[in-house]
Every structure is written in structure tokens, then in C-alpha cells.
Amino acid sequence: MRGNVENIDLGTQTVWGGEDEYLIQGATQVPVVHSVGFGYRDLDEWLDVALGKREGHIYGRNTNPTVHVFEEKVRLLEGAEAATSFSTGMAAISGTLFTLLKPGDRVVSVKDSYGGTNKIFTEFLPRFQIDVALCDTSDYEQIERETRAGCTVLYLESPTNPTLKVVDIERLAKVGREVGATVVVDNTFATPINQNPLQLGADLVVHSATKFLGGHADALGGIVCGSKDLVEEIYHYREINGATLAPMEAYLLLRGMKTLKLRVERQSENAAQIAAFLQTHPLVDEVFYPGLETHLHHDVAKKQMRRFGGMLSFSLKGGFDTVKVFLPRLRFAHLAANLGAVETTAGPPRTTSHVECTPAERQAMGIPENLIRYSAGIEDVDDLIRDLQQALAYAEEATRVNSSQR
Ligand SMILES: *Cc1c(COP(=O)(O)O)cnc(C)c1O
């Protein structure tokens, strides 16, 4: 053991956090333990481990050494007492909700949560007679009112996907706690480098580790962090229901996380410069980025975030027709549904985060059809801006030709 690593800064934590006890035979990297079973010749010891009286592993669906290191690293970064992982972000979110809720309960959340999360609220929870109140994300008074009316879970996300709305976590978590609700925050977009919801009063923080935590778009995973009591309940749900994170995925996520702070700082810087550039372009209708002073809740973002993250979105004049001409011209962006990777990705929410929704549902969530979600990678920002410039110029020309032909 190299001693206590709790009191070190985030960048050092991403590199060293959680690793000490699993480095075997001098290996400097965490081993990938593929074994499903963990054997014991001493039956008393086996029993003690099975009963949780002694540290150790029994069976791969429950715990695994490589997976444990991943959980420890995120736990330390979020400043949590405990953490448990899942096979995907959605498994973490659904596992958390189904652990906390039972028929007759009520959930308060926001309209523009992640598309998959929104489907849990509108399609799956109602099947179990769970009442869901989805509020206007920017209307803090409405969220407070609905929370005060009583709820078991207050579920927040900030910034939101894809319109980058910001909710005041501290203010709303306080109200949630007053009514005895468990306050859950999806911190995927901000990452623990830019925002720590537990320090703002949330009870649980969830992540799609698939995105920024892993950062290389090559592994799916999810995690939830919070108090020991709550996380134990959620772990129990996952252990039985079986959405376990695989050891190889845990390793890839861990390897990605070594550079989490470097990446997120760079991505935040790139996104800020790109947002400022897009705001000045005549073909751009609106830019959504919490770091812009024109953002509705820039003051709240400034209060609760260290930087404003690598995600932004913008709408183009001329509707989806312009989007269709513009996007394929981008050279340094995968047109793909993932985000938070070292490579820039871009796409319309109607084919990415909110593909599960109908046009009417997207409209109700305030997601314009001409919106583009942009996840800034770690490339040199001048190249990204030049790339956007040339694609915008092309789209401008193409749409002008089209409209003059009409
Ligand atoms: C991607 C994402 C999820 C779901 O994560 P998966 O790993 O794809 O299951 C949840 N919340 C947010 C904000 C996301 O971006």
C-alpha cells in the first residue's frame, strides 16, 4: 500500500486511485482477471467471504478484482462512500430506479433527460403503477413544486442531453431531501472532473462510463456512487438481476480513466472555443453551451461546475435540409451516436440520443429537428474550427442554390 490516496487532487486520483492492493507480482498495471469463480480450500474462509465478513470474491456476477478497481477509482473521484458498477449506463440508471421504487411511489424528473432514461419514465415505470412527473428542465420553481408535492425519487441530469440545460443541483437537492426523497443525478456530461453532485447535496450520482470516463468509445459500462447503505441495496439488485460489468470492459475503462482529467480539460476548452465561434456564424441559429454568457443558466453552471464540459449543440438555419448537407462535410467528426470520446462526434438528436422518441415526443421535449449535438474531441481546436467553417460555407452555398431554384 502506498498509503492514503483520499486527499489528493483529481488528476493524481485518475492515475493512482483504487489501484494499490491489486498490483500483483510487481505488475504496474491492474491485471484483467477473467476467472468466473474464486476458489477456497479453507471452507471457513469461503463462508466468511460469502457472508461479507472478510474481503474477497466468490463469483463473477457479483464481484471481480478488475471491476472492483474501476469502482474504486470512480468512487474516489466522486468523493463517495461506496460505488457499484453495471454493464451499461442504462443498466446503472434502471437498476438504481428499480431498486428505489415500488408500486404507488412517485418520481419527479425533468423532460429532457437522456432518451433512454426518458423511456424508463414514460414506458417502463408506469407499468408498475409508479407515477412520474416530468418537469420543464429550466423551470426550477416547477421542479420544486412537484418535489414538495411528495416523491420517493428526485432524478436530475445536468447538463442535459442534447440541449445542454443546467439544473441547480444544490437548490433542488435541498428540496428533495426535505421531503425525504432520494436525489439521483446523472453526471455523465459533466464528469467528476467538472462537477461533483454528491458535494452539492445529491444522494446518488450515476454515470454512463461508456462516454467520458472510458473516453475511447471502445467499452460500455455504468456506475452509481453514494452512501454505503444505498449502494449496497443497488448492488444487491444488480447482483441478482445480472447486469454485471465485464472484466475486460472494466480494464478498458480503467485505462481510459488514466487520462480523464487531461481529456476533459482539453475537450472543455475546445467546446468553449467552438461554441464562441458558432455563435458568430450567420448560418447558425442558436448555440447551446453552459459556458456561454448567453446561456439561460450560465450563473448556475458557473457555481456548480469547474469547467463547462466537452458537449455543445447548435441549430442551423434552413432546418433539417441544411443539417443533411452540413454534417457529411465534416472531416474531423464521426457522424455517430456515441459521445465523450477522444475523436469528435456529431449527429442530430433524432438519430442519436433521442432516436427512441417520436417527432411529437422530441418536440414536447423542446428538441428542434435542426439541432446538431457536437461532442468535442481532443483534436487541435483550430483544425476543428476550420473544419466547421468549411462545412458551414458549403451548406450555406448549397442551401442558397436550392432556395434560388425555388
Ligand atoms: C449515453 C448516456 C446514458 C446511457 O449510457 P449507456 O452506457 O449507453 O447505456 C445515460 N445518460 C447519459 C447522459 C448518456 O449520455
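Anyway, here's the lowdown on the structure attached to this text. If you're wondering where the values come from, they're calculated on a predicted model, not measured in any experiment.

Attention now moves to helix H3 (residues 65–78). Every α-helix winds through 3.6 residues per turn, so residues three or four apart in the chain are directed the same way. When the terminal C-alpha atoms of H3 are compared, their 20 Å separation across 14 residues agrees well with the 20 Å that a helix rising 1.5 Å per residue should span. The buried count for H3 comes to 13 of 14 residues, which makes it a mostly enclosed element. Its side-chain oxygen placed 2.8 Å from the backbone nitrogen of Thr66, Asn64 serves as the N-cap of H3. Once H3 finishes, Gly79 follows within two positions and takes phi at roughly 60 degrees, a positive value.

Inspection of the secondary structure puts Gly291 in the loop between strand S8 (284–288) and helix H12 (298–304). Under the relative-accessibility criterion, Gly291 is labelled partly exposed at 22%. For Gly291, the residues in contact, after removing those within four places along its chain, are His298 and Phe308.

Time to look at the site of the ligand. Surrounding the ligand, one finds 14 residues, the nearest of these being Gly89, Met90, Asp186, Thr210 and Lys211. Between an oxygen atom of the ligand and a main-chain N or O atom of Met90, the distance comes to 2.8 Å. Separating an oxygen atom of the ligand from a side-chain N or O atom of Ser208 is a distance of 2.9 Å. With the chains in place, 93% of the 380 Å² that the ligand exposes on its own is no longer accessible.

A few words now on the pattern of salt bridges. Taken as a whole and assessed by the stated rule, the structure comprises 22 salt bridges. A salt bridge links Arg148 to Glu178; the nearest nitrogen and oxygen atoms lie 3.7 Å apart. One end of the pair, Arg148, is in helix H6 (residues 140–148); the other, Glu178, is in helix H7 (residues 169–178), and 30 residues separate them in sequence. The partner of Asp380 in a salt bridge is Arg266, with the nearest N and O atoms 3.0 Å apart. Residue Asp380 is located in the loop between strand S12 (371–375) and helix H15 (381–405), and its partner Arg266 is located in helix H11 (residues 260–279); the two are separated by 114 residues in the primary sequence. Three or more residues joined by partner-sharing salt bridges are found here, namely Glu19, Lys73 and Lys258.

Where helix H4 (residues 89–100) meets helix H9 (residues 228–241), the closest approach of the two axes is 9 Å, and the angle between their N-to-C directions is 110 degrees. As the angle between them shows, H4 and H9 are arranged roughly perpendicular. For the pair formed by H4 and H9, the contact residues are Gly95, Thr96, Phe98, Thr99 and Leu100 on the first element and Leu230, Glu233, Ile234 and Tyr237 on the second. Of the residues in the contact of H4 with H9, the class split is 5 nonpolar, 3 polar and 1 charged.

Definitions and limits used
Residues numbered from 1 in each chain as written. Predicted model: local features only at pLDDT ≥ 70, side-chain atom pairs only at ≥ 80, totals over all residues. Heavy atoms only, no water. Helix = DSSP H or I, 4+ residues; strand = E, 2+ residues; numbered from the N terminus. Expected span 1.5 Å × (residues − 1). Buried < 20%, exposed > 50% of the residue type's maximum accessible area, 1.4 Å probe, protein only. Polar contact = N/O pair within 3.5 Å; in protein donor to acceptor, adjacent residues only side chain to side chain. Contact = heavy atoms within 4.5 Å. Near = heavy atom within 4 Å. Areas by Shrake-Rupley, 256 points an atom, 1.4 Å probe, with all protein chains shown as cover. Salt bridge = Lys/Arg side-chain N within 4 Å of Asp/Glu carboxyl O. Axes fitted to C-alpha atoms, helices over the stretch in contact; angles between N-to-C directions. Parallel < 35°, antiparallel > 145°, perpendicular 65-115°, else oblique. Nonpolar A, V, L, I, M, F, W, Y, C, P; charged D, E, K, R; others polar.

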